[in-house]
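# Architecture at a glance
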Amino acid sequence: MSAVEPSARRVKRLLGQSAWTAGAWLAGLMFFFPVLWMALTAFKQESDAYTTTPHLVFSPTLDQFRAVFSSGIGPYLANSALATALSTLLVLAIGVPAAYALSIRSVRRWRDALFFFISTKMLPVVAAIVPIYLAVRDIGALDDIGTLIVLYTAMNLPIAVWMLRSFFLEVPGEVLEAARVDGATQRQEITQVLLPMVAPGIAATALICVIFSWNEFFLALNLTSVRAATMPVFLIGFMTSEGLYWARLAAAASLACLPVLLAGWIAQKQLVRGLSMGAVK
Amino acid sequence: MATLAPSSPVPLTPGRPSSRLSAGEAWRRRLPLSPALLLMIIVTQIPFVFTVLFSFQSWNLVRPHSRHWVGLSNYSDVFTDSAFRDALFTEIEMTLLAVAVSMALGVGLAVLLDREFPGRAMVRTLLIAPFLIMPTVAGLLWRTTMLDPVYGIVNFLLRLAGIAPVDFVSRFPMASIVTVLVWQWTPFMALIVLAGLQSQSGDVLEAAQIDGAGPWTTFRAITVPHLRPYIELGVLLGAIYLINTFDVIFMMTQGGPGTATTNLPYYLYQRAFLGFDVGQASALGVVTVAGTVVVASIALRMLFTVFGTTEGRA
Amino acid sequence: MRFPRTRRLRKSRRLPENRRRRAAAALAAVLAGLSPAAGCAGAGAIGGGSGAGTTITVAIVANPQMQDVQKLTPYFEHRHPGVHVRYVTLPENVARQKITESVATGGKEFDVVMISNYETPMWARNGWLVDLQPYADRTPGYDPGDFIRPIRQSLSYRGELYSVPFYGESSYLMYRKDLLAARHLTMPAAPTWEQVAALARKLNDPAHRVAGICLRGVPGWGENLAPLDTVINTFGGRWYDLGWNARLTSPEVTKAVGFYTGLLRTAGEPGAATAGYTECGTDMAQGNAALWYDATVAAGSLEDPGSSKVVGRIGYASAPVERTASSGWLYSWSLAIPGTSRHRDAAWQFMAWATSKQYIRFVGGRLGWSHVPPGSRVSTYRIPQYARAAAFAEPTLRAIGAADPEHPTVEPVPYTGVQFLDIPEFQDLGTRVSQQITAVIAGRKSVRAALAQSQQYAQTVGRTYRHR
């Protein structure tokens, strides 16, 4: 390699670099466009939203959000928030000890336990929905947010255990060893050494759980109807509106997506790891 | 949501004290694990036992006193049902198409993102968005603002190009659904492949360059073999999630027109919650699980071997 | 913010009916109250709630007539200050699923549900609905005797009304008078299917984008199966014989299905396999079809200058027949109170308002006569403004009056219903059979293969009714 590139080669390289940049941006924007379009449409009047030639210039309005809120989106949002928050807390409360028992001080047959957790994730929930539905009905817990909280906890637990475990395993053994040598009790070892070190991992796990519970539809559709219905269920009401309420639909959809978009963007570094259950770091 | 058949006896069963650990210590270690195991068993294993039981009954939920044992007749109904076969083929077609296309696009995007360029972090951020969109919203959004025959953006672009508008969702329901699935899953595939690309050791690539290998040769000879496990993992994880596709179908086509986009989960949903037929739905569930076991056990082996689950510490 | 209010009321305001709740329901409620949900689900924090009064939850199907009711509900609430109405509006198939599920499993979320003459007698028999006859009889001016007789009967069980009709329909043949006249053809007032088929083939004119006849092809027990069932019936076919043996491969059914699908393929609309009520309506209104056999309610939009290019050019003939005297179907959207409702009196007040004579006049005067929910009351057809505004009023009333769900076909059957069977399995069975029919229309299956599969579905259901 010469220190000074011949100018022709440099031009070529620069051209290549700009083409690359343009290509990557174009690809990114193409994938992002439907989301952007939804967000834009949410700030339109229906007359601007429902046009054969898309209106790019319009005077933004909050009318659609107002309309969505007055049409009673509130309880649905509240239910979603509740189901998501509580199930995520439960997942952490149950999952962190389990991951600990599968990594730091592992039980004898940790491999089988791990295998069991992940296998529950691989088989379709539809196969168990009938008995779940009947059991929930028989204890009078249909249309009850508590039902969703419990089921979402179970839905996310395997992923969380795998993911948390991979974070626990990253903690250098020497650190824990040192703590033990210093005479730390097991409790101190966990609360003062281990948990602070894996805190970012726990946060990432929580965000993944938030994404999945917030977006969940199948269980919410079949186990709730009025009182415990969540955001995805609220959106069913827009299926019949035959395009007449696109702006309002977009406003409701934007509200439905916003929390998870934010959570996902914050957690993007850990997203792959979570989704691959800790396999890809 | 049921366990796989092969070799998964749960360690919770009281066993002999381990040779290395005292009985007390073994129990102390199991304690933190037990709530998680218990919850998973109650929510996923016990219902499946009931699914199996119900599959031998004739029971219509909206018909009081209709419950009775019928032996295997639900299974014979499932296997002689042409609609079930259609749903199975739809399932396979939809999953394969969505996984293959999103992986192909994902590899392309990952390669684009692997190089430094201005705004790379931003592009990456934009790219993840489709994956984070609520699937119900994705279905609604594409059916209306994107693919609507009159007011959709895609048809607007077609008109610009002088092509007559198309009612995509009715004319090409499968392609429409797959498009949405691909839109949602390509970012996921891209991220996994990108992680693979970035885990390549720079030394090896440099060495190849010094040995006079061109970029294409390097890519083919070094990068592709290195990426293989990542691609396999992406395909398997994508398949696991995509096999359960329901939300997008519900919002976009309701399994139609006709049964054109009725996959197995949707078909089972119809049997259970439109037909209220507990027996048939359960038999269908058992059959579906049996089928999924094959795919899932391969997936599990991958998870354990390809990436090597690090040994637990004592 | 209506949701917490409902919840609070359920806990605090106990109406007398409450005591009649079965022990199981009470236990269920207690369990629900103990579950973690009750504490938090309350979302109590978000809700403002207006203290006084009763909130009733009304589950309805999203259709234009019900949207009118929603629009006019403030007038009702103004006149009944103690009652607040909260609507749960869903697309038809989802609404049906949710309502069925809720009522069948003793869910307590709805005080008024929108059902049809398919569900009403079955659910009344199961004891899931409140007997409305006493309410109707003691409400001054409500006049349940004014409901059109077949509609009233189809919503009754053992002579008592269990749901009250909001809207009713039958089926008839709509035809373009001008197109027939141009070819010197005439339509008999009571045509046979053979005559209709001959006319359709003559009128079929693909070059000018006019289909001979429009018939529903899209699957669904409420879509293609509705008209097809009337054809099967009048050809002498039946779903089951008296011993609950499925009869879908009988020569009569085979002939009827062959006739229907054949007619669609030779003289039907293009893309018939994906055409339903809406698509056929558009075809007819845009002048792209010469004949259309469908619901009586369709005429409303065909005679509306805002949506139709063929206003005043449509004639109405009774549902075509073959071996029976009449063949039209009978359908009614109606309102009922689930037995679990704790606000029966408030619920009734609302229903009585929405299905009253006054409501019909109110809608007509305020929103226009085309908005009037048709087919429920005889008195509607005596309103001069309505008769003047609706050319199809008389044929509609006649069609509904002629429908005979008790004797749908030539031979006796163990079920009632024209375009459906009053068994709970029919929704599912009908939908699956209708998918087979669509496969025939689309040319993907033979009539014989489709019926063989349908027969198997029907046998499975029939088996559960034998030996009992």
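Residues numbered from 1 in each chain as written. Chains lettered and ligands numbered in written order. Predicted model: local features only at pLDDT ≥ 70, side-chain atom pairs only at ≥ 80, totals over all residues.

### Topic: the overall build of chain B
The helix and strand inventory of chain B stands at 14 helices and two strands. Residues classed as buried in chain B amount to 49% of the 314 residues present. Taking the contacts inside chain B whose residues are at least 6 apart along the sequence as the reference set, 71% of them involve residues at least 24 apart. (Helix = DSSP H or I, 4+ residues; strand = E, 2+ residues; numbered from the N terminus. Buried ≥ 20, exposed ≤ 12 C-beta atoms within 10 Å, placed from the backbone. Contact = placed C-beta atoms within 7 Å.)

### Thoughts on the nonpolar core
In globular proteins that are soluble, nonpolar side chains generally tend to be buried together. Membership of the largest hydrophobic core comes to 343 residues, with the highest contact counts inside it found for Ala252 and Ala253 of chain A together with Met174, Ile213, Leu291 and Phe350 of chain C. With 18 residues, helix H7 (residues 145–170) of chain A is the single largest residue contributor to this core. Every residue in contact with Phe350 of chain C, bar those within four places of it in the chain, is listed here: Ile56, Val58, Phe76, Val83, Val85 and Val112 of chain C. (Core = buried A, V, L, I, M, F, W, Y, C linked by C-beta atoms within 7 Å.)

### Considerations on the pairing of strand E2 (residues 83–90) of chain C
Residues and elements named next belong to chain C. With eight bridges joining them, strand E1 (residues 54–61) and E2 adopt parallel strand pairing. Following the sheet pairing, Thr54 is matched in E2 by Val83. Where the polypeptide runs from E1 across helix H4 (residues 64–79) and back to E2, its parallel neighbour, the crossover connection is right-handed. (Pairing = 2+ DSSP bridges. Right-handed = clockwise from strand over helix to strand, strands pointing away.)

### Description of the packing of helix H4 (residues 74–101) of chain A against H7 of chain A
Residues and elements named next belong to chain A. Following both chains from N to C, one finds H4 and H7 inclined at 40°, their axes separated by 6 Å at the closest point. Judged by the inter-axis angle, H4 sits oblique to H7. With respect to the hand of their crossing, H4 and H7 are arranged in right-handed fashion. (Axes fitted to C-alpha atoms, helices over the stretch in contact; angles between N-to-C directions. Parallel < 35°, antiparallel > 145°, perpendicular 65-115°, else oblique. Left-handed = near helix turned anticlockwise from the far one by under 90°.)

### So, helix H10 (residues 193–203) of chain C
Residues and elements named next belong to chain C. Considered for burial, the residues of H10 that qualify are Trp193, Val196, Ala197, Leu199, Ala200 and Leu203. What you see down the axis of H10 is that its buried residues fit within an arc of 165°, all on one side. Where H10 is buried, its residues touch strand E7 (171–176), helix H9 (177–182), strand E8 (211–214), helix H11 (225–234), helix H12 (251–267) and strand E9 (289–295). (Arc of directions from axis to C-beta.)

### Focus: the UniProt feature "transmembrane region" (unreviewed entry) in chain A
Within this structure's numbering, the places UniProt gives as "transmembrane region" (unreviewed entry) are residues 20–40, 81–102, 114–133, 145–164, 193–214 and 245–267 of chain A. Its end C-alpha atoms 27 Å apart, residues 114–133 of chain A is made of 85% helix and 0% strand. (UniProt positions renumbered as here; feature names shortened; annotations may be inferred.)

### Examining the domain arrangement of chain A
All names here are of chain A. For chain A, the domain assignment lists domain 1 (7–63) and domain 2 (71–275). Taking the mean C-alpha position of each, domain 1 and domain 2 sit 33 Å from one another. In this assembly, nine residues from domain 1 lie in contact with eight residues from domain 2. Classifying every residue of the side of domain 1 that touches domain 2 by side-chain character gives five nonpolar, two polar and two charged. (Domains from an automatic or database assignment. Nonpolar A, V, L, I, M, F, W, Y, C, P; charged D, E, K, R; others polar.)

### Some points on the interface of chain A and chain B
Facing 89 residues of chain A, the contacting portion of chain B comprises 93 residues. The element that contributes the greatest number of residues to the side of chain A that touches chain B is helix H1 (residues 7–42) of chain A, accounting for 16 residues. Looking at the side of chain A that touches chain B residue by residue, the class counts come to 64 nonpolar, 21 polar and four charged.

### A closer look at the interface of chain C and chain B
Each partner contributes to the interface: chain C provides 19 residues, whereas chain B provides 19 residues. Of all the secondary structure elements, the ones that give two or more residues to the side of chain C that touches chain B are helix H5 (92–104), helix H19 (426–441) and helix H20 (447–463) of chain C. Here the side of chain C that touches chain B gets five residues from one element, more than from any other, and that element is H19 of chain C. When its residues are assigned to classes, the side of chain C that touches chain B shows five nonpolar, 11 polar and three charged.

### Observations regarding the domain arrangement of chain B
A common way to report how large an interface is uses the accessible area buried once the components associate. Assigned domains of chain B: these are domain 1 (1–54) and domain 2 (76–305). A separation of 33 Å is found between the C-alpha centroids of domain 1 of chain B and domain 2 of chain B.

### Description of unusual backbone geometry
Unusually for a residue other than glycine, His65 of chain B sits at a positive phi of about 60°. Tracing the chain through its elements places His65 of chain B in the loop between strand E1 (57–58) and strand E2 (68–69). Since 8 C-beta atoms lie within 10 Å of it, His65 of chain B is described here as exposed. The phi angle at Asp143 of chain C is positive, at roughly 55°, despite the residue not being glycine.

### What to know about the environment of Ile298 of chain B
Here Ile298 of chain B lies in helix H14 (residues 278–305). Here Ile298 of chain B falls in the partly exposed class, since 13 other C-beta atoms lie within 10 Å of it.

### Notes on the UniProt feature "transmembrane region" (unreviewed entry) in chain B
Residues and elements named next belong to chain B. UniProt marks residues 36–56, 94–113, 125–144, 177–197 and 283–304 with the feature "transmembrane region" (unreviewed entry), using the numbering shown here. In the segment residues 36–56, helix accounts for 90% and strand for 0%; the C-alpha atoms at its two ends are 31 Å apart. Split by type, residues 125–144 is 90% helix and 0% strand. Its first and last C-alpha atoms lie 25 Å apart.

### Side note on the sheet that holds E7 of chain C
Residues and elements named next belong to chain C. Pairing in this open sheet of four strands is mixed, and the strands run E8-E9-E7-E10 from one edge to the other. In this open sheet, the two strands that pair with only one neighbour each are E8 and strand E10 (314–318). The sheet shows a mean angle of 20° between the axes of neighbouring strands, direction not considered. Pairing analysis gives three bridges linking E8 to E9, with the strands arranged parallel. Residue Ala211 lies in a different strand from E9, and its bridge partner there is Ala289. This element, H10, spans E7, E8 and E9 of the sheet and lies at about 140° to E9.

### Some remarks on helix H11 (residues 215–242) of chain B
Helical geometry: 3.6 residues make up each α-helical turn, so side chains three or four residues apart lie on a common side. Residues and elements named next belong to chain B. Compared with an ideal rise of 1.5 Å per residue, which puts 28 residues at 40 Å, H11 spans 34 Å between its outermost C-alpha atoms and falls more than 12% short. Its maximal kink placed at Val224, H11 deviates by approximately 40°, while the proline Pro225 follows within four residues. Those residues of H11 not exposed but buried are Leu227, Tyr230, Leu233, Gly234, Val235, Leu236, Leu237, Gly238, Ile240 and Leu242. (Expected span 1.5 Å × (residues − 1). Bend = angle between axes of the 7 residues up to and from the residue.)

### Considerations on the pairing of E9 of chain C
Residues and elements named next belong to chain C. Here E9 lies mainly inside the structure; seven of its seven residues are buried. Pairing analysis gives five bridges linking E7 to E9, with the strands arranged antiparallel. Each residue of the ladder has a partner; that of Tyr172, found in E9, is Asp294.

### As for the confidence of the model for chain A
Model confidence for chain A is summarised by a mean pLDDT of 87, while 96% of its residues fall at 70 or above. The least confident element of chain A, judged by mean pLDDT, is helix H13 (residues 268–275) of chain A at 79; the most confident is H4 of chain A at 95. (pLDDT = per-residue confidence, 0-100.)

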